[in-house]
Amino acid sequence: MKFGIVFFPTVGPADKPAQQYFDEALRLVDLAEELGFDHVKMVEHYFFPYGGYSPDPVTFLAAAAGRTKRVRLGTSATIPAFQHPVKLAGKLAMLDNISNGRVDAAFGRAFLPDEFKAFGISIDESKDRFVEGVDAIKRLWSEENVVFDGRFHRFGPVTLLPRPVQDPHPPVFVTTARSAESCAEAGRDGHNLQTVPNVMSTEELQSRLALYRAEWAASGRTPGTEQIHFSYPCVVAEDGEEARAKGRHDDDRNSAAIRDAVASWGTTRSEAYPGYEKLVEATRTSHFESKMEQRKLLIGAPEQVRAQLEEISEWFGDDITISLGVHSGHLSFEDAATTMRLMAERVIPKLGAGA
């Protein structure tokens, strides 16, 4: 397993000023570099405390690039539907140059009706815009004199500047939350996979990973060369009960943030998002204890979190990469730093080492 850090703020001005959150997050980026974590990532969302402090992950990652030399920089994920592909391709290529080729580019469809409404884009078009946007961006990165004639965007001939450092382009990840077909398409298209285990059962996720890996191999790619990233909220403390108390508080606040963000699904229906109207009820019935039992959260003393991770490895394989959600903003900088240090010093080195 590899381990990195993902930032998904779920705070607003009433909780913590944005400048304080970003200062703390960038100090944690420094710590990730120091402790040898594989990557740092930042999400893209708008308007709500649920991710709304990060409308542009590339801006945050550019700041992170200027204070690091080694750690990889990932979007988690950026949304092609909300930007012109020429603009997004250029921003990510520029970041790849600033960071000396350390970008991992994850793309997502988005799923909040209010975000689509604000951009004046039909939520029913989200998948088609996603597919077209990723295709256009990959071509702009790897080809010259690109002529693109899509449903939503037409341009060219153009040659993107700057060219990415990574050849032919940064690793491409696609983010999927629930769809088996999205996993299959990612495998067929040779895209790496990024997902959140919290949104499905262990059996469902195992089935989707098997499908993804099968399609990856069937498309002629070498099995095992794919990258699979999972994200887990994580709180570690010397005392397990202290970690659980803090983890429960963080999870309660995160759950409240997503409940507010998905409320419009109570009156929205889209064939592009089958079953998403159930999100409203699902967020109301989600509980900390059941998440802990199902290994949706990594919370406890070091030896407890180590055991949780070893079980996750048995379920999904030891070749996955874990992105640790250490700082949603509801706990202190010191709590997040403690989690990272204990993971780096007391958990990760002992994985698979026996009792």
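Undergrad: How would you explain the nonpolar core if you had to name every residue and give the values?
TA: In this structure, F7, F107, W141, L324 and M343 are the most contacted members of the largest nonpolar core, which totals 73 residues. Considering each element in turn, this core owes the most residues, eight residues, to helix α12 (residues 333-347). Once you skip the residues sitting within four places of it in the chain, M343 turns out to touch F3, F37, C234, V236, V305, L309, L324, I348 and P349. Judged by nonpolar contacts, the second largest core, of 20 residues, contains I79, A110, A257 and V280.

Undergrad: Residue-level account of the layout of surface pockets, with values.
TA: Considered as a void within the structure, the second largest pocket measures approximately 190 Å³ in volume. Looking at the second largest pocket, it is lined by 15 residues, and the ones nearest its centre are K2, D38, Q227, H229 and T321. Of the residues in the lining of the second largest pocket, the class split is four nonpolar, four polar and seven charged.

Undergrad: Tell me about helix α7 (residues 202-218), residues and numbers included.
TA: Note: α-helices contain 3.6 residues per turn, so residues at a spacing of three or four share the same orientation. With 17 residues, α7 should reach 24 Å at 1.5 Å per residue; the first-to-last C-alpha distance of 24 Å fits that figure. If you follow the buried residues of α7, they end up packed against α6 (180-189), β8 (192-195), β9 (228-236) and α11 (302-316). Phi turns positive, to about 95 degrees, at G220, one or two residues after α7.

Undergrad: With reference to specific residues and values, describe the pairing of strand β2 (residues 39-42).
TA: Here β2 shows two buried faces, one formed by H39 and K41 and the other by V40 and M42. The pairing of strand β1 (residues 2-7) with β2 spans three bridges and is classified as parallel. Paired with V6 across the bridge in β2 is K41. Crossover handedness for the path β1 to helix α1 (residues 18-35) to β2: right-handed. One ladder, built from four bridges, connects β2 with strand β3 (residues 72-75); its direction is parallel. From the neighbouring strand, K41 faces β3, where its bridge partner is G74. With respect to chirality, the unit in which β2 leads through helix α2 (residues 57-65) into the neighbouring parallel β3 is right-handed.

Undergrad: Run through empty space enclosed by the protein, naming residues and quoting values.
TA: Empty space left among the atoms is revealed by rolling a probe the size of a water molecule over them. Inspection of the entire model under this criterion finds three cavities of 30 Å³ or more. Considering the residues around the largest cavity, the lining is formed by P80, A81, Q83, P85, R129, E132, G133, I137, F152 and H153. The dominant element in the lining of the largest cavity, judged by the number of residues it contributes, is helix α5 (residues 126-142), at four residues. Here the lining of the largest cavity is composed, by residue class, of five nonpolar, three polar and two charged. Elements with a contribution of two residues or more to the lining of the second largest cavity: α7 and α11. Per-element accounting of the lining of the second largest cavity gives the leading share, three residues, to α11.

Quick notes on the rules
Residues numbered from 1 in each chain as written. Predicted model: local features only at pLDDT ≥ 70, side-chain atom pairs only at ≥ 80, totals over all residues. Heavy atoms only, no water. Core = buried A, V, L, I, M, F, W, Y, C linked by side-chain atoms within 4.5 Å. Buried < 20%, exposed > 50% of the residue type's maximum accessible area, 1.4 Å probe, protein only. Helix = DSSP H or I, 4+ residues; strand = E, 2+ residues; numbered from the N terminus. Contact = heavy atoms within 4.5 Å. 1 Å grid on protein atoms, 1.4 Å probe; cavity = no way out; pocket = protein on both sides within 12 Å on 5 of 7 lines; lining within 4 Å. Points joined across faces, edges and corners; volume = space filled by probe spheres on them. Nonpolar A, V, L, I, M, F, W, Y, C, P; charged D, E, K, R; others polar. Expected span 1.5 Å × (residues − 1). Pairing = 2+ DSSP bridges. Right-handed = clockwise from strand over helix to strand, strands pointing away.

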